[in-house]
Number of protein chains: 2
Amino acid sequence: MRKRVGNKEQAILDAAVKVFALHGYHHAKISTIADQAGVATGSVYLYYKNKEGILLTIFDRLWAELTEGLRVIVKRSDIDATQKLDLVIDKLFELFIANPALASVFVNEQQHLIKERRGNIARQYDDFLNLAEEIIREGVRENKFHPDVDIKLFRQFITGGLRSVLLLWSEKSQTLTLHRVRQNVKYFIKHGLL
Amino acid sequence: MRKRVGNKEQAILDAAVKVFALHGYHHAKISTIADQAGVATGSVYLYYKNKEGILLTIFDRLWAELTEGLRVIVKRSDIDATQKLDLVIDKLFELFIANPALASVFVNEQQHLIKERRGNIARQYDDFLNLAEEIIREGVRENKFHPDVDIKLFRQFITGGLRSVLLLWSEKSQTLTLHRVRQNVKYFIKHGLL
DNA sequence: ACTATTATTGAATAGTGATTCATTATTCCC
DNA sequence: GGGAATAATGAATCACTATTCAATAATAGT
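Just so it is clear, the structure is predicted and the values come from calculations on it, not from any experiment.

Undergrad: Give a description of the relation of the copies chain A and chain B that names residues and reports values.
TA: For these two chains of identical sequence, chain A goes onto chain B by a turn of 180° and a shift of 0.0 Å along the axis, with RMSD 0.0 Å. What we have between these two chains is a two-fold relation. Interface residue correspondence from chain A to chain B reaches 100%, placing this contact among same-surface, isologous pairings.

Shown next, in the form of structure tokens:
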């Protein structure tokens, strides 16, 4: 017998995030990912079905973590919808502090996965959006948020804006502190430009 | 001699927008685009250098139109920054009314073009953002907009949110009138959620 | 009607890189 | 130390499709 030494599965996943972020999914080569992970090209296929499988795993774990975090926040009864919204944003930003490359992959590479409903990405994405919707609905019910907003549109607008801002940050994290970004985003969402 | 009959260049461009929107740039085949345009595969190369050339042309024209429209709006002295912001949003939405597929391509396919600074997409994009920035700056100067916002962040947040909302609309234009989307977006940007 | 010129075609080619698999290496157990 | 048993390798294969180009078609001028 021979024991598997080190965590190659995780090493490959980490390498893939970096390489996908740098070159984009379609231009990323399996051989580059393997190099970066310190394994042979063929070894990648011992741990993942294929290239798309790697991307699916990245998003599976990401959404699982985000959705779980959001679920906990939504359940809380000690804070109101406004504070919940703040916490969601904190959660999102925290996840990307340690790993800016993940933000880039998150923003750029999931469109076609969702459109083609690969894996259960689409379901997890729906879950997340529905949970986010609950918070907004709660805020409207308690007269904390403006009642005329179209919830689905607002939800879409916020997530799109957040993704875009995260991307900017992931590319220029030297000059832009995440703290500053987060403060601004919270303000925009609540008060708008006026 | 032989005359070129019809506008094949435009036909190919229109076909490409549809096919890119449907399958995404990387999964779109030249042969499919040619079929859709009613020409032979090889003919595509009489009008465009290569596949990327088609995408570059799509974005060149799109950004040229958007930037030109924005330039005119920024120059106007008969309206204030708030009204200018409304007009920009109108402009953006109008452009996609006739062509929802274009919205999908616009949202999904330009990240790598900008990152790699292909063609002059990146320059035109910068121009557009800078013009948008001018409007916000003007609003702040005239005390119409809140003075503490980070202009670059806000600009990024708005454009990301807009893109995301446009994408939703382009996919569900049956159930979601553009008018409704536009009204909501204008409201969000100015007043936020509270 | 013929010829020159340019437009168009689409099957053949070529480049790329994902995936496979025969071979080799490592570890465990006796 | 030897032999299972499994892990890992990486060069060869395969699949896909962008691009090319020799052949053909269409038009204009004479």
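Still to come is the rest of the account.
Undergrad: If you had to explain the interface of chain A and chain B to someone new, which residues and values would you point to?
TA: The partner chain B presents 44 residues to the 44 residues of chain A that form the contact. Taken together, both faces of the contact between chain A and chain B bury some 4,100 Å²; the carbon and sulfur share is 69%. Counting across the interface, chain A meets chain B through two salt bridges. With its nearest N and O atoms 3.0 Å apart, the salt bridge here joins Asp150 of chain A to Arg180 of chain B. Where chain A packs against chain B, one counts eight residue pairs in polar contact (both at pLDDT 80 or more). Secondary-structure elements contributing two or more residues to the side of chain A that touches chain B are helix H1 (8-23), helix H6 (100-108), helix H7 (111-115), helix H9 (151-171) and helix H10 (178-191) of chain A. Among the elements that make up the side of chain A that touches chain B, the one with the highest residue count is H9 of chain A (13 residues).

Undergrad: How would you summarise the side chain of Asn184 of chain B if you had to cite specific residues and measurements?
TA: Structurally, Asn184 of chain B is set in helix H10 (residues 178-191). Overall, Asn184 of chain B belongs to the buried group, its relative accessible area being 8%. Here Asn184 of chain B is in contact with Asp148, Val149, Asp150 and Leu153 of chain A, once residues within four sequence places are set aside.

Undergrad: Explain helix H5 (residues 81-97) of chain A residue by residue, including any values.
TA: All names here are of chain A. Across its 17 residues, H5 extends 24 Å between first and last C-alpha, which sits within 8% of the 24 Å expected from 1.5 Å per residue. In terms of burial, H5 is a largely internal element, 12 of the 17 residues being buried. Within H5, burial applies to Ala81, Thr82, Lys84, Leu85, Asp86, Val88, Ile89, Asp90, Leu92, Phe93, Leu95 and Phe96. You can read the cap of H5 off the contacts: a side-chain oxygen lies 3.2 Å from the backbone nitrogen of Thr82, and it is on Asp80.

Undergrad: Quick rundown of the packing of helix H6 (residues 100-108) of chain B against helix H9 (residues 151-171) of chain B? Include the residues and the values.
TA: All names here are of chain B. Following both chains from N to C, one finds H6 and H9 inclined at 140°, their axes separated by 9 Å at the closest point. As judged from the angle between their axes, H6 and H9 are oblique. Two packed elements cross with a definite hand, and for H6 against H9 that hand is left-handed. Two secondary-structure elements touch here, H6 through Pro100, Ala103, Ser104, Phe106, Val107 and Asn108 and H9 through Arg163, Leu166, Leu167, Trp169 and Ser170.

Rules used throughout
Residues numbered from 1 in each chain as written. Chains lettered and ligands numbered in written order. Predicted model: local features only at pLDDT ≥ 70, side-chain atom pairs only at ≥ 80, totals over all residues. Heavy atoms only, no water. Least-squares fit on C-alpha atoms with pLDDT ≥ 70 in both. Contact = heavy atoms within 4.5 Å. Buried area = accessible area lost by both parts, 1.4 Å probe. Salt bridge = Lys/Arg side-chain N within 4 Å of Asp/Glu carboxyl O. Polar contact = N/O pair within 3.5 Å; in protein donor to acceptor, adjacent residues only side chain to side chain. Helix = DSSP H or I, 4+ residues; strand = E, 2+ residues; numbered from the N terminus. Buried < 20%, exposed > 50% of the residue type's maximum accessible area, 1.4 Å probe, protein only. Expected span 1.5 Å × (residues − 1). Axes fitted to C-alpha atoms, helices over the stretch in contact; angles between N-to-C directions. Parallel < 35°, antiparallel > 145°, perpendicular 65-115°, else oblique. Left-handed = near helix turned anticlockwise from the far one by under 90°.

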